[in-house]
Amino acid sequence: MTLACVGAALAAPWIAPQDPFNPAAFELNQAFRPPAWLDGGTARYFLGSDDQGRDLLSAILHGARISLGVGLAAVCFALVLGVSLGLAAGYRGGWFDALVMRIADVQLSFPAILIALLIDGVARIALPAGAQDAIAVPVLIVAIGLSAWVQYARTVRGSTLVEKEKEYVQAARVIGRRPLAIMLVHVLPNVMGPVLVIATIQIATAIITEATLSFLGVGLPPTRPSLGTLIRVGNDFLFSGEWWITVFPGVALVTLVLSVNLLGDWLRDALNPKLR
Amino acid sequence: MLAGTFVSQPLLRAERLVKHFKAVRAVDDISFELYTGETLALVGESGCGKSTAGRLLLRLIEPTSGKVWFDERDLFGLAEREVRLLRREMQIIFQDPYGSLNPRMTVRDMLAEPLALHGLAKGKQPERVAELLRLVGLGPEHAGRYPHEFSGGQRQRIGIARAVAVEPRLIVCDEPVSALDVSIRAQVINLLQDLQRRFGLAYLFIAHDLAVVKHIAARVAVMYLGKIVELADKRALFAEPRHPYTHALLSAIPVPDPSLKRERLVLQGDVPSAHRPPHGCRFHTRCPHARERCREEEPPLAAADGHSVACHFWKEIEPFTSASRLTPVNERLTRLQAAFHTGGGSS
């Protein structure tokens with residue numbers, strides 16, 4: 001199922017009947033078409049169309065692709081940031097450790113979505129208006145990534161504190177390794193296990209965060225709809241009878257998140273030699 | 001011990017080394033010398049500071065005060081970079097063969113790492129790795145394996161190969177056999193002795209097991225609560241120990257003869273906390289011979305004919321020799337054994 005979801009999302013440009021990013025392809029007189037199996041529906045718009053006459057199936061496929069991409073990129077960003085800070089904090093200790101962990105504590109006392117909102121909002125104000133749509137995706141990635149690095153930093157710091165007391169680390173010092181090399185060559189491979197498990201589970205969280213931000217209107221613009229954007233757009237028409245515009249992207253989001261979560265569970269079991 | 005080595009410069013000299021962890025006096029003013037090719041054993045019960053002393057000598061931890069001279073170089077005065085270079089000459093073998101090898105590295109990577117770092121065996125690394133493995137009694141076919149595929153004894157051999165890889169002159173052996181099965185210990189000890197003979201290594205052999213020490217050491221330093229209480233040639237120490245603490249340690253060695261029993265000197269009480277060591281002689285709280293003076297005045301480590309002891313009254317304490325304290329366990333077993341021996345001889 002995961003493969004089907006991810007595959008469909010990745011293959012969106014080739015399998016989608018319509019290009020949802022190209023307003024010229026929309027036909028306004030086809031707006032609010034219900035799904036194919038209802039009265040007034042046509043096979044051309046299998047899951048119906050939205051207020052702009054955009055094919056919903058195509059939009060969902062593309063939206064899932066964007067959601068997945070943003071989720072993956074945000075997790076990678078958070079992972080690199082969190083792991084390096086956690087590793088350095090755990091290994092160096094002292095004031096650096098105290099500083100990083102206090103920042104982490106402060107950040108943990110806010111909900112992640114609030115942090116992402118804040119960063120997103122600040123970036124929007126700081127950047128010129130014209131560039132906003134173009135940089136919406138990178139900003140979103142950084143915003144979600146910055147709100148999620150704490151978990152990695154804490155996990156890695158904890159394991160680093162344990163690993164650095166082990167004798168193989170001292171042995172590496174005795175053979176003359178530099179601290180940076182010890183961190184990267186000896187400690188890092190031994191603390192990555194739990195991090196990878198967190199990462200797979202966090203992809204799902206990142207997708208939801210992205211959808212939430214887009215739903216709140218601070219994420220991706222309707223011209224490049226992600227699943228969250230589609231749900232928001234559809235929300236406006238929920239009570240006027242055009243329920244499909246919001247329900248189908250919602251179902252797609254749930255399916256995607258669920259399948260990524262299942263993948264994470266499977267990976268955790270596969271990586272844990274005790275369960276094999 | 002060769003007479004000539006005493007004349008030469010010591011390879012390593014520890015001078016009034018002190019290491020306090022916050023208020024805990026782990027190592028409190030110890031001094032000793034170590035010569036090329038010899039084995040100095042550092043013995044004492046757990047928590048007496050012997051492992052801390054070993055790590056200080058390698059500058060794995062920084063001392064509170066004191067100096068270590070390695071080959072006439074002031075170890076704690078060197079810059080970080082110079083220490084890394086010097087690491088080629090001094091290595092360590094750890095107690096725990098499970099924690100001392102990186103679980104994510106193959107044996108080949110582990111042995112190649114020090115070679116690459118110090119620019120040794122350039123272009124011939126695979127051959128050198130195979131040679132090192134053979135040296136410690138493993139085979140080249142083990143090079144591609146991970147630590148968890150080996151037994152404890154084999155892992156310890158890999159640890160030894162890693163220490164020997166850079167051709168050091170000094171190896172600190174931090175209880176290298178304590179974690180191993182008794183059956184494996186002798187093999188590893190023999191390997192260490194073999195390597196010492198071949199490469200002229202000096203060992204600082206940290207142990208709590210006097211039976212092992214008796215086998216491998218040339219000189220023995222006995223530590224109690226962060227201090228050296230007795231330092232002597234092995235023979236002298238085992239034949240006529242002077243410090244009452246050493247008496248107690250020696251009486252704890254098992255006798256390898258079921259018909260004999262040694263009179264045990266069992267110490268009363270526990271080791272006092274290194275947090276607040278006793279005034280005067282640190283051993284006075286458990287010493288059967290303690291007097292008023294021991295409570296007030298700390299005895300210095302004083303040498304008499306090459307045998308140093310830190311005790312005010314060692315001359316007055318009845319000398320303890322291990323043989324004198326052996327008594328037959330029961331008459332019947334002795335008679336049986338005697339009959340067995342004569343019976344075997346006559347037939």
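In what follows, the accompanying structure is described. (Residues numbered from 1 in each chain as written. Chains lettered and ligands numbered in written order. Predicted model: local features only at pLDDT ≥ 70, side-chain atom pairs only at ≥ 80, totals over all residues.)

**Digging into the pairing of strand β7 (residues 170-174) of chain B**
Residue and element names in this part refer to chain B.
So, point 1. The buried fraction of β7 is high, at five of five residues.
So, point 2. Across four bridges, strand β6 (residues 90-93) lies against β7 in parallel orientation. Looking at β7, one finds that Gln 91 is bridged to Ile 171.
So, point 3. Judged from the five bridges that link them, β7 and strand β8 (residues 202-207) form a sheet pairing that is parallel. The residue bridging Cys 173 from the neighbouring strand is Phe 205, located in β8. (Buried ≥ 20, exposed ≤ 12 C-beta atoms within 10 Å, placed from the backbone. Helix = DSSP H or I, 4+ residues; strand = E, 2+ residues; numbered from the N terminus. Pairing = 2+ DSSP bridges.)

**Focus on the interface of chain A and chain B**
So, point 1. Contacts between the two partners involve 13 residues from chain A, matched on the other side by 21 residues from chain B.
So, point 2. Taken together, the elements giving at least two residues each to the side of chain A that touches chain B come down to α7 (167-174) and α8 (179-216) of chain A.
So, point 3. No other element matches the six residues that α7(A) contributes to the side of chain A that touches chain B.
So, point 4. By residue class, the composition of the side of chain A that touches chain B is five nonpolar, four polar and four charged. (Contact = placed C-beta atoms within 7 Å. Nonpolar A, V, L, I, M, F, W, Y, C, P; charged D, E, K, R; others polar.)

**Brief notes about the sheet that holds strand β5 (residues 73-74) of chain B**
Residues and elements named next belong to chain B.
So, point 1. With respect to topology, four strands assemble into an open sheet ordered β2-β1-β4-β5, the strand pairing being antiparallel. The open sheet is flanked by β2 (24-34) and β5, the only strands paired with a single partner.
So, point 2. Sheet analysis places strand β4 (residues 65-70) next to β5, joined by two bridges and oriented antiparallel. Looking at β5, one finds that Phe 70 is bridged to Arg 73.
So, point 3. Packed onto the sheet, helix α2 (residues 50-57) meets β1 (12-21), β2 and β4 and runs at close to 120° relative to β1. (Axes fitted to C-alpha atoms, helices over the stretch in contact; angles between N-to-C directions.)

**Quick word on the packing of helix α6 (residues 136-164) of chain A against α8(A)**
Angle between the axes and distance between the axes are the two parameters that describe a pair of packed helices.
All names here are of chain A.
So, point 1. Put simply, α6 and α8 touch, their axes get as near as 9 Å, and they point 155° apart. Viewed along their axes, α6 and α8 adopt a mutual orientation that is roughly antiparallel. Regarding α6 and α8, the two cross each other, and that crossing is right-handed. Here α6 contributes Leu 140, Ile 144, Ala 148, Gln 151, Tyr 152, Thr 155, Val 156, Ser 159, Thr 160, Glu 163 and Lys 164 to the contact with α8, which in turn contributes Val 187, Asn 190, Val 191, Pro 194, Val 195, Ile 198, Gln 202, Ala 206, Thr 209, Glu 210 and Leu 213. (Parallel < 35°, antiparallel > 145°, perpendicular 65-115°, else oblique. Left-handed = near helix turned anticlockwise from the far one by under 90°.)

**Some remarks on the sheet that holds β8(B)**
Residue and element names in this part refer to chain B.
So, point 1. The strand order β6-β7-β8-β3-β9-β10-β13-β12 describes an open sheet built from eight strands, whose pairing is mixed. Edge strands, defined here as strands with exactly one partner in the open sheet, are β6 and β12 (302-304). Between one strand and the next, the sheet's axes are offset by a mean angle of 20°, whatever the strand orientation.
So, point 2. Sheet topology places strand β3 (residues 39-43) next to strand β9 (residues 219-224); four bridges connect them, and they run parallel. The residue bridging Leu 40 from the neighbouring strand is Arg 219, located in β9.
So, point 3. Along the sheet face, helix α6 (residues 152-164) touches β6 and β7 and points at about 175° away from the line of β6.

**Quick word on α7(A)**
In an α-helix, one turn spans 3.6 residues, which is why side chains three or four residues apart end up on the same side.
So, point 1. Of all eight residues that make up α7(A), eight are buried, and the element is covered over most of its length.
So, point 2. Turning to α7(A), the residues buried within the fold contact α6 and α8 of chain A together with β6 and α6 of chain B.
So, point 3. Once α7(A) ends, the next one or two residues include Gly176(A), with phi positive near 100°.

**Digging into the pairing of β8(B)**
Residues and elements named next belong to chain B.
So, point 1. A large share of β8 lies buried, amounting to six of its six residues.
So, point 2. Of the two faces of β8, the one lined by Ala 202, Leu 204 and Ile 206 and the one lined by Tyr 203, Phe 205 and Ala 207 are each fully buried.
So, point 3. In this sheet, β8 lies alongside β3 in parallel orientation, the contact comprising five bridges. Opposite Val 43, over in β8, you have Ala 207 as the bridge partner.
So, point 4. Crossover connection from β7 via helix α7 (residues 182-199) to parallel β8: handedness right-handed. (Right-handed = clockwise from strand over helix to strand, strands pointing away.)

**Things to note about helix α3 (residues 56-92) of chain A**
Residues and elements named next belong to chain A.
So, point 1. When the terminal C-alpha atoms of α3 are compared, their 52 Å separation across 37 residues agrees well with the 54 Å that a helix rising 1.5 Å per residue should span.
So, point 2. For α3, the buried fraction is high: 29 of the 37 residues fall into the buried class.
So, point 3. Directly beyond the C-terminal end of α3, a positive phi value near 70° is found at Gly 93. (Expected span 1.5 Å × (residues − 1).)

**Some details on the packing of α3(A) against α8(A)**
Residue and element names in this part refer to chain A.
So, point 1. In contact at an axis separation of 7 Å, α3 and α8 are set at 145° when each is read in the N-to-C sense. Relative to α8, the crossing made by α3 is right-handed. Note on element contacts: α8 touches α3 through Pro 179, Met 183, Val 187, Leu 188, Val 195, Ala 199, Gln 202, Ile 203, Ala 206, Ile 207, Glu 210 and Ala 211, opposite Ser 67, Leu 68, Val 70, Gly 71, Leu 72, Ala 74, Val 75, Leu 79, Val 83, Leu 87 and Tyr 91.
So, point 2. Of the residues contributing to the contact of α3 with α8, the split by class is 19 nonpolar, three polar and one charged.

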